[in-house]
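Understanding the architecture of this molecule
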Amino acid sequence: MSTVHKAADCIIFGGIIRTMDSQRPEAEAVAISGGRIVCVGELEQARKAAGPNAEVVDLRGGVALPGFIESHSHPMFYGRYLEEVDCRGCRSIGEITEALRARASEIPPGEWVLAHTYDDTLLKEQRHPNRYDLDRASDRHPIVLRHISAHSLVVNTEALRRVGIGSETPDPEGGRIGRDAHGEPDGLLWEWAQNLVQSYLPETSIEDMHRYLHNSAREYLAAGVTSVVDAALGFSYGLQEAEAFALLSRDGGLPLRLGTAVLYPLWKELREGTEPGLEWPGDPEWVRPVAVKFFQDGSIQLRTAALRQPYYGEDEAADEQHLIWDQEKLDRMVADAHSAGWQIWTHGNGDAAIGSILDAYEKALADYPRANHRHRVEHCQTAGEDQLDRMESLQVVASFFAPHVWYWGDRHRQMFLGPERAARIDPLASALRRGIRFGLHNDSPVTPISPLLSVGTAVSRLTSGGQVLGDEQAITVDQALRSMTIDSAYLAFEENLKGTLTEGKFGDVVVLEADPYEVAPREIKDIPVGMTIVGGKMMHNAV
């Protein structure tokens, strides 16, 4: 096993230590030995527990908390994006084509130009780029440009030619090929149609994947994240992704803890005996599969989420056309994973999709009763009060994408949902009133990793435009921090291992340079992360 995973001993003191453990909320010191917390209490007790060779970590007045747990992310994607053309800041199609043209000028003709995170609603033209726009960047390089939501992409004419997509190409199940008025592909590929391109992209090796994961690990650790879950294992590279993760489990080498939610088709393949299977070698404290993953709709800001009522300003209901699977098929797939004893996570942004997900869970639980299943709704952005009642009854939990409020709240109110529905996105307070446990997440690379933005937005309900969106759904600082620590651990059946600074749990700690309980809610997102400790070992130090 890599030295990265060797246990370290340390003593933490010299500031505020907030344990998130109700039995002992604060402590003077924490001692970690063999990678686990061995003492939470007074400094002298901690010194004795850690031993004479323990590293001394002086907080210098900082605030120690349990390491943040990112309950829904995409570290493979994130790490790859860090090497591609970033169009997040582009505000016109012209700026996008310039960025793509600059990358094309650096590589030989015929090689792929890969780019990401454009947002059509922030572009001057207020539309998606199409094949002809990307042709202006280069007609000698195939180009792929992913939408910020990761639920669509656009390619140029050369890419369409390489892949073989034409006017006669049928839409794949769960996806759609964009077409112009003459029926010709316009370059846009929606939802599962994106997979038509995947196998034609440059070959990616296991070593490449490990590099991507190390790229993103640096970002997570700098943000105070000590555990992250890849919420769609198999999305980009299929079986090869499972092989990459299994090798990490066996050999070590990743400086933070990594769980995976395995997409259902890959889960079936691995379950039926394809190597590396679902029981990976190595230490499950560092890398392990945790759940089976489904998608049932897309993105509200792409208008591919399945809503019970029309999008703001539209006349026709948008539910059936945006449900990815018909109910009978979703029921059958969910029952397969549930009856095998696995936890299930299903992506649902729109309330029509959330209702469909709950129908599938309810049927599976009726046919194969099981207590403490902790099936999840991912994002759960527009869950209605009636649906939260069902979640409480079914004991379904959620991972909310809280920064939706910050990044898209203004546009949800003005463009997609209207004022009334927008005020209820990410209904955290309503969930808490029902005792529904939930985590928060950034869905990186959809948004840059920032647990403190998740916490601050959950407390303030502030949009990037400076408006408060639905303050009745705001929660307290303590509740928000719990959702990034112990409650996110609960979502993956890991509450006995992490999420609080408690004796016997992992020695995973984040040190902040200000106290979230003491600063104004709008300032929480800007608190610097001073240190991140994983298993007692310093993995990030900016002090």
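We now turn to the structure provided with this report.

About the thresholds
Residues numbered from 1 in each chain as written. Predicted model: local features only at pLDDT ≥ 70, side-chain atom pairs only at ≥ 80, totals over all residues. Heavy atoms only, no water. Helix = DSSP H or I, 4+ residues; strand = E, 2+ residues; numbered from the N terminus. Buried < 20%, exposed > 50% of the residue type's maximum accessible area, 1.4 Å probe, protein only. Contact = heavy atoms within 4.5 Å. Areas by Shrake-Rupley, 256 points an atom, 1.4 Å probe, with all protein chains shown as cover. Lys, Arg positive; Asp, Glu negative; His and termini not counted. Charge placed at Lys NZ, Arg CZ, Asp CG, Glu CD. Pairing = 2+ DSSP bridges. Axes fitted to C-alpha atoms, helices over the stretch in contact; angles between N-to-C directions. Expected span 1.5 Å × (residues − 1). Polar contact = N/O pair within 3.5 Å; in protein donor to acceptor, adjacent residues only side chain to side chain. 1 Å grid on protein atoms, 1.4 Å probe; cavity = no way out; pocket = protein on both sides within 12 Å on 5 of 7 lines; lining within 4 Å. Points joined across faces, edges and corners; volume = space filled by probe spheres on them. Parallel < 35°, antiparallel > 145°, perpendicular 65-115°, else oblique. Left-handed = near helix turned anticlockwise from the far one by under 90°. Phe/Tyr/Trp six-rings, centres within 6.5 Å; stacked < 30°, edge-to-face > 60°. Core = buried A, V, L, I, M, F, W, Y, C linked by side-chain atoms within 4.5 Å. Salt bridge = Lys/Arg side-chain N within 4 Å of Asp/Glu carboxyl O.

1. Quick look at the overall build of the chain
On a plain count of helices and strands, the chain comes out with 18 helices and 22 strands. Considering only C-alpha atoms, the chain reaches an extent of 80 × 55 × 50 Å along its principal axes. Counting across all 543 residues of the chain, residues that qualify as buried make up 63%. Sequence-distant contacts in the chain: of pairs separated by 6 or more residues, those separated by 24 or more amount to 73%. Summing over all exposed atoms, the chain offers an accessible surface of approximately 20,100 Å²; the carbon and sulfur share of this is 47%. Side chains of the chain carry 53 positive and 80 negative charges; the gap between the two charge centres is 2 Å.

2. A closer look at the sheet that holds strand 11 (residues 175-179)
Sheets are built from strands paired through backbone hydrogen bonds, the pairs being either parallel or antiparallel. Spatial strand order, 7-8-9-10-12-11: six strands in an open sheet with mixed pairing. Each of the sheet's edge strands pairs with one partner strand only, and the pair in question is strand 7 (85-86) and strand 11. Note that strand 7 and strand 8 (residues 113-118) share two bridges and pair parallel. Bridging from a neighbouring strand, Val85 pairs with Ala115 of strand 8. Sheet strands in contact with helix 3 (residues 93-104) are strand 7, strand 8 and strand 9 (143-147), and its direction is about 155 degrees off that of strand 8.

3. What to know about the side chain of His72
Within the secondary structure, His72 is located in strand 6 (residues 68-73). By relative accessible area, which is 1% here, His72 ends up buried.

4. Side note on helix 10 (residues 327-339)
Spanning 13 residues, helix 10 covers 18 Å between terminal C-alpha atoms, matching the ideal 18 Å at 1.5 Å per step. Looking only at helix 10, the buried set comprises Leu330, Asp331, Met333, Val334, Ala335, Asp336, Ala337 and His338. N-capping of helix 10 is provided by Asp326, with a side-chain oxygen placed 3.2 Å from the backbone N of Glu328.

5. Description of the layout of surface pockets
Taken as a whole, the largest pocket spans an internal volume of roughly 350 Å³. Lining of the largest pocket is provided by 18 residues; of these, Glu84, Trp112, Leu114, Pro202 and Tyr212 occupy positions nearest its centre. Counting residues per element, the ones that place at least two in the lining of the largest pocket are strand 8 and helix 7 (206-222). Take the lining of the largest pocket: its biggest share by element is three residues, from helix 7.

6. Some remarks on the environment of Ala159
Considering the arrangement of structural elements, one finds Ala159 in helix 5 (residues 157-163). In the structure, Ala159 is positioned 62 residues away from Leu221 in sequence and 36 Å away in space, judged by C-alpha atoms. The contacts of Ala159, once residues within four sequence positions are left out, are Trp112, Pro142 and Ile143.

7. Topic: the packing of helix 11 (residues 351-367) against helix 12 (residues 385-394)
As a packed pair, helix 11 and helix 12 sit with axes 11 Å apart at the nearest point and diverge in direction by 25 degrees. Classed by the angle they form, the pair helix 11 and helix 12 counts as roughly parallel. Note that helix 11 runs across helix 12; the crossing there is left-handed. Counted together, Asp351, Ile354, Gly355, Leu358, Asp359, Glu362 and Leu365 of helix 11 and Gln387, Arg390, Met391 and Leu394 of helix 12 form the full contact between these two elements.

8. Here's the deal with the packing of aromatic side chains
In total, this model carries 13 aromatic pairs according to the counting rule given. Centroid distance Tyr264 to Trp267: 5.8 Å. Interplanar angle 25 degrees. Geometry classified as stacked. In this pair, Tyr264 and Trp267 both sit in helix 9 (residues 264-271), three residues apart, roughly one turn of the helix. For Trp267, a relative accessible area of 0% corresponds to the buried category. Between Tyr407 and Trp408 the ring centres are 5.8 Å apart and the planes differ by 50 degrees, which places this aromatic pair in the tilted class.

9. What about helix 7?
Between its first and last C-alpha atoms helix 7 spans 25 Å; for 17 residues at 1.5 Å apiece the expected length is 24 Å, and the two agree. Among all positions in helix 7, only Ile206, Asp208, Met209, His210, Tyr212, Leu213, Asn215, Ser216, Ala217, Tyr220 and Leu221 are buried. A positive backbone phi angle near 90 degrees is found at Gly224, which sits one or two residues after helix 7.

10. Some remarks on unusual backbone geometry
Residue Pro276 follows Glu275 across a cis peptide bond; omega there is 10 degrees. You can see Pro276 is positioned in the loop between helix 9 and strand 15 (287-295). Backbone geometry places Ala150, a non-glycine residue, at a positive phi of 65 degrees. Structurally, the position occupied by Ala150 is in the loop between strand 9 and strand 10 (152-155). Under the relative-accessibility criterion, Ala150 is labelled partly exposed at 21%. Even without being a glycine, Arg461 presents a positive backbone phi close to 55 degrees. Its place among the elements puts Arg461 in the loop between helix 16 (451-460) and helix 17 (477-483).

11. Focus on the nonpolar core
A general tendency of soluble globular proteins is for nonpolar side chains to be buried together. With 91 residues, the main nonpolar core has Phe68 and Met391 as its most contacted residues. Residue contacts for Met391: discarding those within four places in its chain leaves Leu358, Val377, Cys380, Val396, Val397, Ala398 and Ile436. Ile96, Ile143, Val154 and Trp190 belong to the second largest nonpolar core, which has 19 residues in total.

12. Considering the environment of Val144
Position of Val144 among the secondary structure elements: in strand 9. The class for Val144 is buried, based on a relative accessible area of 2%. Here the alpha-carbon distance between Val144 and His116, two residues 28 residues apart in the chain, equals 8.0 Å. Among residues more than four places away in sequence, those in contact with Val144 are Trp112, Val113, Leu114, Ala115, Leu153, Val154, Val155, Val197 and Leu201.

13. Describing the pattern of salt bridges
Considering all chains together, one arrives at 38 salt bridges under this definition. Arg161 is the salt-bridge partner of Glu158, the closest N and O atoms lying 2.6 Å from each other. A residue pair is termed a helical-turn pair when its members lie 3 or 4 positions apart in one helix, as Glu158 and Arg161 do in helix 5 at three residues. Accessibility expressed as a relative area gives 14% for Glu158, which makes it buried. Its relative accessible area of 55% is what places Arg161 among the exposed residues. Where Lys329 meets Glu173, a salt bridge forms, and the shortest distance between an N and an O atom there is 3.2 Å.

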